[in-house]
Amino acid sequence: MKFNFPVFIIDEDYRSENNSGVGIRALASAIEKEGMEVIGVTNYGDLSSFVQQQSRAGGFIVSVDDEEFIATENGEEPKVLVQLDAFVREIRRRNADIPVFLYGETRTSRHIPNTILKELHGFIHLHEDTPEFVARYIVREINTYLDKLPPPFFRALTQYAYDGSYSWHCPGHSGGVAFLKSPVGRMFHQFFGENMLRADVCNAVEELGQLLDHRGPVVESEVNAARIFQCDTVYFVTNGTSTSNKIVWHSAVAPGDVVVVDRNCHKSVLHAITMTGAIPVFLTPTRNHYGIIGPIPENEFTWESIEKKIKNHPFANKVKGKPRILTITQSTYDGIIYNVEKIKEKLDGKIHNLHFDEAWLPHAAFHPYYKDMHAIGEGRPRTKESLVFSTQSTHKLLAGLSQASQILVQNSEKEILDRDIFNEAFLMHTSTSPQYAIIASCDIAAAMMEAPGGTALVEESILEALDFRRAMRKVEREWGGGWWFKVWGPETLAEEGIGAREDWFLDPGAAWHGFEGVAPGFNMLDPIKGTIITPGLRLDGTFDEWGIPAMVVTHYLAEHGIVVEKTGLYSFFIMFTIGITKGRWNTLVTELQQFKEAFDHNRPLWRAMPQFASKYPQYSRMGIKDLCFDIHSVYRARNIAQLTTEMYTSPMEAVMPPAEAFALMAHRKTERLPIDAVEGRVTAVLLTPYPPGIPLLIPGERINTTILEYLKFVRDFNDRFPGFQNEFHGLVEEPNERGTFDYFVDCVPQK
Ligand SMILES: *Cc1c(COP(=O)(O)O)cnc(C)c1O
């Protein structure tokens, strides 16, 4: 496979008719004859702007013959030399290996300080050798650089796909040719392209190794990732962190075991509880009235507190032995993270396995901003007894294809993970036909984080996230008193750069976060997660006279090509992944201003949101402000902020282990009850409202009054505002003769 990485030549004279122009063009054409593309740029202007090209370039050739290199009289560094120094430093901050050559006729290395020279691959004097000779040298250096880039699995896969061997094994489309036999198949082929289909192979291809038993290039890549992520073992997983979590659990938990779980955990953890037949004891996070989920208070992590919970639990109290696993959502959806070392200190040896669900945090190991705030990484002391696991969605914040995920393990002083036993659980959840493009993306995502590039990428996300926040504040200042959106976060924001990470700690005294019981230094907000607050609701849970429910804003944004990650009552959520661009967040800022215009002028929906209005004509002539006020008044009348907080923090009663309740469903022994009849009954299903997408009740728990009230609210709201329905997984929806919906819950039958 030949990749295209052009050589950049940066020389003022590149297009001039003078001697130096003729010389550099001769070199360029000699390089092209060697089969490498050349891009010549004359605008020396701001050298640092070329730094961004380091990912695209095979190498740089920079002329130092420029006029401005001539030393200034007052002894200052010449301007271009200063720029050259910054250029080389910026390149090396991102890329340790890309070849950089200087090129000069009148100047020699004597004119260039050592700090620059030591980062270079050569100093070219054109007139001493033929352009062909110099070109071969440059091309050889660049090819050496490019050849070293691909990590093991990706290297093997590209070679295999390029080789063009005929395959008799599955998949049945045989490198894509099956698609060519039908018109729709051809459309598919043209859209995804030959390479994707040639690289879609099955595990009969021995030279690519095996994911299922970790052999060959696959395991080389896992070992490579373990080195980059600084842990003892990495397993690539091709079915998402949903599966990674289940693998970790099944490797460690058996029916009847007690497990300690963050109540704010992902569905997959609750599925793992049901599948393993475990008895969960929950740790409850705080919440603020924006609906943002806060941290589990530090004192909940003490062994005394957990022991007490187990003692008071109706079934867990009968189980002997230590809990098998602790699972914590390390980075909540909204970006709250914990000092992991403090948790390990408290629970090492008390719970067999400490598992951090870092679906949203694979970037943290690569920047000192997150020191101690992620499970495993450089310089972390080993726990004495408990194994430490981290499960990460490579695809959420790094550059992985959907479902790319990984499990990281750090052994303890006492125990080394038994890989054979662990793999039994891995096999239980992994398809025997894993998608090789996903494995390749796990491999590449890890390689991209290799030092120093990974740190630079994370730093860039943090910087863009802070620039976005600064831009939002600037807009607010300029509206001078008019309303504007706020970005949830600390009051103090560095004026430039990424500032200090301490700014993002949740201090007990600080008003901005609205969480109770936080301990100093225990939690931090990850700045790359941005929660944008709309007017209408205060942090104490009281409502303003008027307000803008977030779902109206996010529907509006969607019509203008901006899809947000999650929508709450008066907040919505965006993320600054390593794929962020200035264009993307600046467009958001301008679209929000457009929304404000539309709102302030109460534009009718047919104008402000034409697609939505044509789908739901009942709103067509309504003003967007009037619509906001209508929804706001319903929220306010039902005191919904209070209700959604209380439904999560209200005491939950476990009536039977989740697996038992689920078994009733498998045997069709559950009762489908209308929501008016469910108070006090026990749910057989997982009930998860969106927003926020966090499970509210798990199978085997009792439906209390607060939860019932919320179910009724959802029904009334959905009746009244079609098009703005609240989703609710687990709630069965059936159309009725009134043209609306009736709602049911599958419950455990009463004895
Ligand atoms: C998204 C998510 C998962 C599941 O990850 P997938 O890669 O989507 O399967 C697990 N845990 C948390 C906390 C998540 O947010």
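Scope of this entry: the structure provided in the associated data block. Remember, predicted model here, so these are calculated numbers, not experimental data. (Residues numbered from 1 in each chain as written. Predicted model: local features only at pLDDT ≥ 70, side-chain atom pairs only at ≥ 80, totals over all residues. Heavy atoms only, no water.)

1. Details of the sheet that holds strand 9 (residues 325-329)
Argument step 1. Within the open sheet, the seven strands sit side by side as 6-13-12-11-9-7-8. Their pairing is mixed. The outermost strands of the open sheet, each flanked by one partner alone, are strand 6 (233-237) and strand 8 (279-283). Across the sheet, the axes of successive neighbouring strands diverge by a mean angle of 20 degrees, strand direction being ignored.
Argument step 2. Bridge count for strand 11 (residues 353-357) against strand 12 (residues 387-392) is five bridges, and the pairing is parallel. By the bridge assignment, His 355 is partnered in strand 12 with Phe 389.
Argument step 3. Contacts between helix 7 (residues 216-229) and the sheet are confined to strand 6, strand 12 and strand 13 (405-410), with strand 6 contributing the most and set at about 120 degrees to the helix. (Pairing = 2+ DSSP bridges. Helix = DSSP H or I, 4+ residues; strand = E, 2+ residues; numbered from the N terminus. Axes fitted to C-alpha atoms, helices over the stretch in contact; angles between N-to-C directions. Contact = heavy atoms within 4.5 Å.)

2. Focus on the site of the ligand
Argument step 1. The ligand sits among Gly 240, Thr 241, Ser 242, Asn 245, His 266, Thr 329, Asp 357, Ala 359, Trp 360, Ser 393, His 395 and Lys 396.
Argument step 2. Here an oxygen atom of the ligand sits 2.9 Å away from a polar atom, N or O, in the side chain of Lys 396.
Argument step 3. About the coverage of the ligand: the protein hides 85% of its 380 Å² of free accessible area.
Argument step 4. Of all the secondary-structure elements, those providing two or more residues to the shell around the ligand are helix 8 (240-250) and helix 12 (394-397).
Argument step 5. Broken down by element, the shell around the ligand gets its largest block of residues, four residues, from helix 8.
Argument step 6. Here the residues of the shell around the ligand are counted per class, giving two nonpolar, eight polar and two charged. (Near = heavy atom within 4 Å. Polar contact = N/O pair within 3.5 Å; in protein donor to acceptor, adjacent residues only side chain to side chain. Areas by Shrake-Rupley, 256 points an atom, 1.4 Å probe, with all protein chains shown as cover. Nonpolar A, V, L, I, M, F, W, Y, C, P; charged D, E, K, R; others polar.)

3. As for the packing of helix 21 (residues 640-649) against helix 23 (residues 705-720)
Argument step 1. Across the interface, helix 21 lies against helix 23 with an axial gap of 9 Å and an inter-helix angle of 130 degrees. It follows that helix 21 is oblique to helix 23 by the angle criterion. Judged by the sense of rotation from one axis to the other, the crossing of helix 21 with helix 23 is left-handed. The segment helix 21 lies against helix 23, with Ile 640, Leu 643, Thr 644, Glu 646 and Met 647 engaging Thr 706, Ile 707, Glu 709, Tyr 710 and Phe 713.
Argument step 2. Taken together, the residues of the contact of helix 21 with helix 23 break down into six nonpolar, two polar and two charged. (Parallel < 35°, antiparallel > 145°, perpendicular 65-115°, else oblique. Left-handed = near helix turned anticlockwise from the far one by under 90°.)

4. What to know about empty space enclosed by the protein
Argument step 1. The full count for this structure, using the stated rule, is two cavities of 30 Å³ or more.
Argument step 2. What the largest cavity holds in volume is close to 200 Å³.
Argument step 3. Taken together, 20 residues form the lining of the largest cavity, with Gly 291, Gly 568, Leu 569, Pro 691 and Pro 692 sitting closest to its centre.
Argument step 4. For the lining of the largest cavity, the elements supplying multiple residues, two or more each, are strand 17 (566-567), strand 18 (571-575) and helix 21.
Argument step 5. Among the residues forming the lining of the largest cavity, the class breakdown is 10 nonpolar, seven polar and three charged.
Argument step 6. Of the voids in this model, the second largest cavity is the one considered here, and its volume is about 60 Å³.
Argument step 7. Considering the residues around the second largest cavity, the lining is formed by Arg 263, Asn 264, Thr 284, Pro 285, Arg 287, Ile 293, Tyr 648, Thr 649 and Ile 694. (1 Å grid on protein atoms, 1.4 Å probe; cavity = no way out; pocket = protein on both sides within 12 Å on 5 of 7 lines; lining within 4 Å. Points joined across faces, edges and corners; volume = space filled by probe spheres on them.)

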